[in-house]
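# A look at the structure
Take a look at the letters that make up each chain.
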Amino acid sequence: MGRYILKRFIVSLFTVLVLVTTVFILIRLMPGDPFVSEKMTPEIKANMMAYYGFDKPLYVQYFHYIGNLLRGDLGLSLKYSNRSVNTILAQTFPVSADLGIRSIILATILGLFLGVMAALNNGKFFDYFCVFIAIVGVSVPDFINGSLLQYIFGLKLKLFPIARWEGFRYTILPVFALSLYTLAVITRTMRASMLEVINQDYIMTAQAKGLSQWQIITRHQIRNAILPIVTILGPITAGILTGTFVIEQIYAIPGMGRFYVSGINDLDYSMILGMTVFYGVFLVAANFIVDIIYGLVDPRIRISGK
Amino acid sequence: MKKKFVSIIALLLVILIASTTFVGCGSKNSEEKGNAESAGKSQVLTFAQTAEIPSLDPQLQNSMQSFEVTNAIFEGLVRLHDGKVQPGMAEKWDISSDGKTYTFHLRDAKWSDGQPVTAYDFEYGIRRLLDPKTGSAYAFAGYGILNGYEYNTGKVTDVSKLGVKALDEKTLEIKLANPAAYFLGYLSLPCFMPTREDIVEKYGNNFALEAENNVYNGPFILKEWKHESGVTLEKNPDYWNKDAIKLDKVNILQITDPNTALSMYENGELDFVSIPNTLWDKYKDNPKTKLIMNGAIDWLRLNLNAPGKPWLANKDFRKALNYAINREEYVNTATKGLYLPYTRLVLPMVVGAKGGKYTEESPIDIYPTTGDSAKAKEYLAKAMAALNIKDPKDITLELKFSDSAADKALAEVLQDQLTRNLGITVTIKLVTYKQKLADDTAKQYDAVYNGWMPDYDDPMTYLELFESNNSQNSTGWSNAEYDKLIEAARTEVDPVKRQQYFWDAEKILVDEAPFVPLQCRRLGYLEKDNLKGMSRYFVGSDIDFVFAYFE
């Protein structure tokens, strides 16, 4: 297992390097440049290019960037004069992570509950109710449900603040809005998985053994049905983190989601690369951790994983 | 053993849930108290900006968000309020008879750290702006200063040759390359704000990145800068004119989504708010809706040298385009009447030489805003005869717009009108905003949608754009008479004569039509009834709240 982890670690590093290189080249191929604007003159652009070192040959810039990257320096943002990408990420990531973690937790708990309840009430009203929620959650995009929740619970009913991120009350609407899609996916997956498990022979065995219904559900059914959820948690985490952009925009949350889009619109090279590296490392790490948790939950994988 | 491990993880998860879910409960009470206070009669202004402030470094800033804050936390030699130049850090000034040398006499004023504001701070700020190593995007603002352009482009390396000199602590001399009546108002731009050399050196690359990394000399002090969230300004108790400042505190929130900002305004959380252009239809008949022209004018720039399209080099064809567009219908269809149809270059608000507005004193009425399809066809026929083209369909024109939904709507109306009224083949090409600008510079377009925000209140800010050697003039249009008139206006001291030069030049430009003027951009907004003294002006800081107050 140790060697396997080391090997995967090296592969991950290589993955990140390839990612950075590809993005580094791709953004330079995009038409336009970071400093082009209505009022830019060629002379001033030359000064700015020199200030940021873009007057040097591309390969020099590349090695310079990689060198800085190895020291953990993501460079200066081109749009936010002199602010380093490191600082921006350090100031905004905790907010996005806070929002994301709350959403994942809410979605997981509620999703598992709804999924289990739907399966146990298969074909009854509650099942259809859960399926309805799941369909709405999957099919309605974030910007619709985000705006709708804001309009109803913020502006009309005045139960929660309309926007901003100033305390617990401010988190409820955005967290709920962001978790809806994930909640729906988890509900559907859990429901399907439970329905499959319920008909397994070992459940009948457990019933024959005389275990109580509660014990059967918690020890045998949920424990076995939850495996697919663990599998999709990795991609779901990625989905939530990349999906924060819309919700952060609607609720004016000072997170990092906006830099995803604005970095590209502004052609802020160091911002785009910084985001790429950050998310790249983050996703590689997230998948890695999911693999380990997977091993903990399913002994078969633990053994074969050696 | 393994089972225990899993249950420990489960337990940790539960704790994590509990902690993340309930964190922040404690701050709830204090927040509500804060809200209740600001709802009272206290002089606290709250409004929203749509994006994070890119920079509060006076010489590096380049955006409206920055301007609006800088205008309040710093003060230059003069202050521009409602388009009128008022004394700022300079108590009075003398202008030499040739209009080229300005001598400013500074008042006794203090920085927020107690140090006196001196002429050296201004000298340093302007030198820093024009130093090529600063890499300031706004350096062009200093090109009117003697050797400003030369120093910024490295042609002059001796900074003492730059036309800015502190004669002593309280006297600053600025020499211009040419006389410029608008120069005084121009000095209110953020890039001309005084800057403390010792503070810049102390913080290095972190200068002005946080509220505490700079000192302030304006009516307000930057108290807090919560990045991506907003800034808080507080009244400066040491400001020289502090009795004229009524607001105690200003909260500028960063609300990216204009619809969210509007909801917050409706909820009473903001004191004024812009109406999103997409909602204009809903608000245009609301008696509370206010409308301003923010100074931007938009046009289609035509590339006279577009390869394979000789008609663009033909003046009659370009005039036909100008006649063919019914601008009234265009703004009503594409913007629900928000924008103002326009058929010349200089904006209606620009000040004239005789005390009125330049455009009223010097009217130009070549193309009617409703268009004239008969004239359009007449000019098209002339152009086709000259180019020996039989079928108007053979004439192709690609309109290049940026890929936003709003731009697309504008492009489609223009495409429809040009096709309908001229019978030519018009296509639309949507590209990213940055690509549009790059293609514009590289002269890779037939017709590109573009606009201009004025830097100062003078026809020059618009008219010099079409000089042959201006880097903004990518059309390839060059007219010796036009260049001569603009050059003459540049050195003319008599305002009436100068205006005549501008008028003659603009008439040539509109008639020769290297561009198709379309509209002046307007913006709708809502404002609380008891908020007074707000200034919305088309030059400098669009939103000037410095002298605002609540009744």
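Given the structure is predicted, the values throughout are model-derived calculations rather than measurements. (Residues numbered from 1 in each chain as written. Chains lettered and ligands numbered in written order. Predicted model: local features only at pLDDT ≥ 70, side-chain atom pairs only at ≥ 80, totals over all residues. Heavy atoms only, no water.)

## Some points on the overall build of chain B
Assigned secondary structure in chain B consists of 18 helices and 21 strands. Taken against the 2.2 N^0.38 rule, which gives 24 Å for 551 residues, the C-alpha radius of gyration of chain B at 27 Å falls within 12% of a compact globule. Structurally, chain B occupies a C-alpha span of about 85 × 75 × 55 Å along its principal axes. Residue burial in chain B is summarised as follows: out of 551 residues, 56% are buried. Of the contacts formed within chain B by residues at least 6 apart in sequence, a portion of 67% connects residues at least 24 apart. Working note: accessible area of chain B is about 22400 Å², and carbon and sulfur atoms make up 52% of it. Charge centroids of chain B, computed over 64 positive and 76 negative side chains, lie 3 Å from each other. (Helix = DSSP H or I, 4+ residues; strand = E, 2+ residues; numbered from the N terminus. Rg over C-alpha atoms; globule rule 2.2 N^0.38 Å. Buried < 20%, exposed > 50% of the residue type's maximum accessible area, 1.4 Å probe, protein only. Contact = heavy atoms within 4.5 Å. Areas by Shrake-Rupley, 256 points an atom, 1.4 Å probe, with all protein chains shown as cover. Lys, Arg positive; Asp, Glu negative; His and termini not counted. Charge placed at Lys NZ, Arg CZ, Asp CG, Glu CD.)

## A word on the packing of aromatic side chains
The tally for this structure, following the rule as stated, stands at 37 aromatic pairs over all chains. Judged by centre distance (6.1 Å) and plane angle (20°), the rings of Tyr102(B) and Phe104(B) are stacked. Taken individually, Tyr102(B) and Phe104(B) each receive the classification buried, so the pair is uniform in this respect. Ring pairing ties together the aromatic residues Phe35(A), Tyr51(A), Tyr52(A), Phe54(A) and Tyr269(A), which thus form one cluster. Residue placement shows Arg28(A) over the ring face of Phe24(A); its charged tip is 4.9 Å from the ring centre. (Phe/Tyr/Trp six-rings, centres within 6.5 Å; stacked < 30°, edge-to-face > 60°. Lys NZ or Arg CZ within 6 Å of the ring centre and 35° of its normal.)

## Remarks on the interface of chain B and chain A
Each partner contributes to the interface: chain B provides 66 residues, whereas chain A provides 52 residues. Around 5000 Å² of area is buried between chain B and chain A when both sides are counted, 57% of it from carbon and sulfur atoms. Across the chain B-chain A interface, the total number found is four salt bridges. Our enumeration of links across chain B and chain A arrives at 16 residue pairs in polar contact (both at pLDDT 80 or more). Contributing elements (two or more residues each) for the side of chain B that touches chain A: α1 (2-22), α2 (28-39), α5 (148-152), β10 (249-254), α8 (258-266), α15 (433-441) and β16 (447-452) of chain B. (Buried area = accessible area lost by both parts, 1.4 Å probe. Salt bridge = Lys/Arg side-chain N within 4 Å of Asp/Glu carboxyl O. Polar contact = N/O pair within 3.5 Å; in protein donor to acceptor, adjacent residues only side chain to side chain.)

## Here we look at the pairing of strand β12 (residues 290-302) of chain B
Remark: a regular strand shows side chains that alternate across the two faces of the sheet. Residue and element names in this part refer to chain B. β12 sits mainly inside the fold: 10 of its 13 residues count as buried. By the bridge criterion, nine bridges tie β12 to strand β17 (residues 515-527) in an arrangement that is antiparallel. Paired with Leu 300 across the bridge in β17 is Val 516. With six bridges joining them, β12 and β16 adopt antiparallel strand pairing. From the neighbouring strand, Arg 301 faces β16, where its bridge partner is Val 448. (Pairing = 2+ DSSP bridges.)

## A look at the domain arrangement of chain B
Residues and elements named next belong to chain B. The assigned domain composition of chain B is domain 1 (9-246 + 528-550) and domain 2 (294-523). Taken over C-alpha atoms, the centre of domain 1 sits 34 Å from the centre of domain 2. Between domain 1 and domain 2, the residue contacts involve 13 residues of the former and 18 residues of the latter. Interface area, domain 1 with domain 2, both sides summed: about 1300 Å², of which 64% is carbon and sulfur. At the surface where domain 1 touches domain 2, the tally comes to zero salt bridges. For the interface between domain 1 and domain 2, the tally reads two residue pairs in polar contact (both at pLDDT 80 or more). Residues belonging to the side of domain 1 that touches domain 2 are distributed by class as follows: 10 nonpolar, one polar and two charged. (Domains from an automatic or database assignment. Nonpolar A, V, L, I, M, F, W, Y, C, P; charged D, E, K, R; others polar.)

## Regarding the sheet that holds strand β4 (residues 90-95) of chain B
Residue and element names in this part refer to chain B. Taken in spatial order, the four strands line up as β4-β5-β7-β6 in an open sheet, and their pairing is antiparallel. Each edge of the open sheet carries a strand with a single partner, namely β4 and β6 (164-168). Mean inter-strand twist for the sheet, computed between neighbouring axes without regard to direction, equals 20°. Looking at chain direction, β6 and strand β7 (residues 171-175) are connected through four bridges and run antiparallel. Note on β7: the bridge partner recorded for Asp 168 is Thr 171. Across the face of the sheet, helix α4 (residues 119-130) comes into contact with β5 (101-106), β6 and β7 while running at roughly 165° to β6. (Axes fitted to C-alpha atoms, helices over the stretch in contact; angles between N-to-C directions.)

## Description of the pairing of β17(B)
Residue and element names in this part refer to chain B. Within β17, 12 of the 13 residues are buried, leaving the element largely enclosed by the surrounding structure. Bridge count for strand β11 (residues 272-274) against β17 is three bridges, and the pairing is antiparallel. If you follow Val 273 over to β17, its bridge partner there is Leu 526. Both strand β13 (residues 340-341) and β17 contribute to a ladder of two bridges, which runs antiparallel. Its bridge partner lying in β17, Pro 341 is registered against Gln 519.

## Re the nonpolar core
Counting 196 residues, the largest nonpolar core has Leu45(B), Phe104(B), Ile174(B), Phe192(B), Leu233(B) and Phe545(B) as its most contacted members. Considering each element in turn, this core owes the most residues, seven residues, to helix α12 (residues 269-297) of chain A. When residues are assigned to domains, this core turns out to be shared by domain 1 (9-246 + 528-550) and domain 2 (294-523) of chain B, each giving three or more. If we skip the residues at most four places from it in the chain, Phe545(B) touches Leu45(B), Phe47(B), Glu68(B), Ala72(B), Phe220(B), Leu233(B), Leu247(B), Val250(B), Ile252(B) and Met534(B). Membership of the second largest hydrophobic core comes to 27 residues, among which are Trp165(A), Met194(A), Ile216(A) and Ala225(A). (Core = buried A, V, L, I, M, F, W, Y, C linked by side-chain atoms within 4.5 Å.)

## Considering the side chain of Asn236(B)
All names here are of chain B. Following the sequence through the fold, Asn 236 ends up in the loop between β9 (230-235) and β10. Here the side chain of Asn 236 touches Asp 238 through a polar contact of 2.9 Å, landing on its backbone nitrogen. With residues near it in sequence (within four places) discarded, Asn 236 still touches Tyr 216, Asn 217, Gly 218, Pro 219, Phe 220, Ile 221 and Lys 242.

## Here's the deal with the packing of helix α17 (residues 480-491) of chain B against helix α18 (residues 495-512) of chain B
Residue and element names in this part refer to chain B. Running from amino to carboxyl end, α17 crosses α18 at an angle of 155°, the nearest separation of the two axes being 9 Å. Classed by the angle they form, the pair α17 and α18 counts as roughly antiparallel. In terms of crossing hand, the pair formed by α17 and α18 is left-handed. Between α17 and α18, the residues in contact are Glu 481, Tyr 482, Leu 485, Ile 486, Ala 488 and Ala 489 and Arg 498, Tyr 501, Phe 502, Asp 504, Ala 505, Glu 506, Ile 508 and Leu 509, respectively. Taken together, the residues of the contact of α17 with α18 break down into 10 nonpolar, no polar and four charged. (Parallel < 35°, antiparallel > 145°, perpendicular 65-115°, else oblique. Left-handed = near helix turned anticlockwise from the far one by under 90°.)

## Some points on the environment of Gln59(B)
All names here are of chain B. Mapped onto the fold, Gln 59 is located in the loop between β1 (44-49) and α3 (64-73). Between the alpha carbons of Gln 59 and Lys 354 there is a distance of 34 Å; along the sequence they are 295 residues apart. When sequence neighbours within four positions are dropped, the list of residues in contact with Gln 59 reads Gly 125, Arg 128, Leu 129, Ser 136, Cys 191, Met 193 and Thr 195. At a separation of 2.7 Å, a polar atom in the side chain of Gln 59 contacts the side chain of Arg 128.

## Side note on the pattern of salt bridges
All names here are of chain B. Inspection of every chain in the model, using the stated rule, returns 38 salt bridges over all chains. Residues Asp 271 and Lys 528 are paired through a salt bridge, measuring 2.9 Å at the closest nitrogen-oxygen approach. Taken together, the residues Asp 271 in the loop between α8 and β11 and Lys 528 in the loop between β17 and β18 (531-532) connect sequence positions 257 residues apart. Residue Arg 490 pairs with Glu 487 through a salt bridge whose shortest N-O separation is 3.0 Å.

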